[in-house]
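# Structural characterization, general
Here is how the chains run, residue by residue.
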Amino acid sequence: MGQCVTKCKNPSSSLGSKSGDKDPGSKSHHKKGGGGGCKEAEPGPVCGKSTGDLLANGTKTMEVIAETPVIPALSGDPLKDDLSANGEDFSLLRIEELFSHYKDEQDDAILEEGMERFCNDLCVDPAEFRVLLLAWKFQAATMCKFTRKEFVEGCKAIKADSLEGICARFPCMLLEAQAEDKFKDLYRFTFQFGLDSEEGQRSLHRDIAIALWRLVFTQDMPPILECWLDFLTENPPGVKGISRDTWNMFLNFTQVIGPDLSNYSEDEAWPSLFDTFVEWEVERRKKWEEERRCTWSPSTDTVDDGGVTKQE
């Protein structure tokens, strides 16, 4: 999946290359609580093909022709028996059928091509926040891949056995992710999700980390985030990879350090990269202030013959 939040093999991916370094060895701006009171969205047409222009977020405008993918239906009795057997309002058999519709022909998993079709049929951009939420709910171990167990258990967790059902759960997922404890779990999941476990990767490539930071903070962006990402972008020699400790501590940093950085102390147990960032950002702001003063010149007051003050 070229632009998948969940994959970075394709060099044209919005997340860039996934090859990263391998390491050897509070207050919150998020709402507290579990995000209760969520009402599921009414199921409707899952997707459509549009004939209009692409917008920046990958969606299309103008005419939409409903086109729900055809998934082989189960004959009446087995489906009813399944619903009765598990005592839930979803069907395990239907979940299995949905998985089989997108799984790879060789591997028992939904891989890049299948994930592309899955996201397309859900009418979501593979690089958007909702796809990250779905991967979180499915506890996916690898970008752009759902194993059978992950898919089935994930659908059971959100109580959905169809494309319509999954789409109907998105509003609740978005609300749930605003809760402080849930967001912390999502945030930590995102780091692990970005690693290439098959290569034994233990730190995130800088470009992947930048993209994932932008993504995970979609709903509530900390004021200091852009400054931090500017620092990472402009200092590539000093930032070879982002460790788990640095990733986790940055969330704490956004919660306790003010945007003016005045309450930051090097004596506290922050990663050394944060010390370098604060020093770099303070110097950058001083430079901006000096440039602003140099370019500003006071106006000269003059008095015309009528005694009226003018500014030149």
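Note that the structure is a prediction, hence the values are computed from the model and not measured.

### Looking at the side chain of D275
By secondary structure assignment, the location of D275 is in helix α11 (residues 272-295). Although D275 is buried, it makes no salt bridge; R285 carries the closest opposite charge, 15 Å away. Setting aside chain neighbours within four positions, we find D275 in contact with Y264 and E266.

### Remarks on the confidence of the model for the chain
Predicted confidence across the chain gives a mean pLDDT of 79, with 66% of residues reaching 70 or more. Contacts for the low-pLDDT stretch residues 6-29, under 50 throughout, to residues beyond four places or in other chains number 76 contacts. Segment residues 307-312: pLDDT under 50, and 15 contacts once partners within four positions in sequence are set aside and those in other chains are kept.

### Some remarks on the packing of aromatic side chains
Counting across every chain of the model gives 31 aromatic pairs. Taking the centre distance of 5.5 Å and the plane angle of 55° together, the rings of F231 and F277 count as tilted. One end of the pair, F231, is in helix α9 (residues 225-234); the other, F277, is in helix α11, with 46 residues separating them in the sequence. By relative accessible area, which is 0% here, F277 ends up buried. Residue placement shows K137 over the ring face of W136; its charged tip is 5.1 Å from the ring centre.

Conventions and cut-offs
Residues numbered from 1 in each chain as written. Predicted model: local features only at pLDDT ≥ 70, side-chain atom pairs only at ≥ 80, totals over all residues. Heavy atoms only, no water. Helix = DSSP H or I, 4+ residues; strand = E, 2+ residues; numbered from the N terminus. Buried < 20%, exposed > 50% of the residue type's maximum accessible area, 1.4 Å probe, protein only. Lys, Arg positive; Asp, Glu negative; His and termini not counted. Salt bridge = Lys/Arg side-chain N within 4 Å of Asp/Glu carboxyl O. Contact = heavy atoms within 4.5 Å. pLDDT = per-residue confidence, 0-100. Phe/Tyr/Trp six-rings, centres within 6.5 Å; stacked < 30°, edge-to-face > 60°. Lys NZ or Arg CZ within 6 Å of the ring centre and 35° of its normal.

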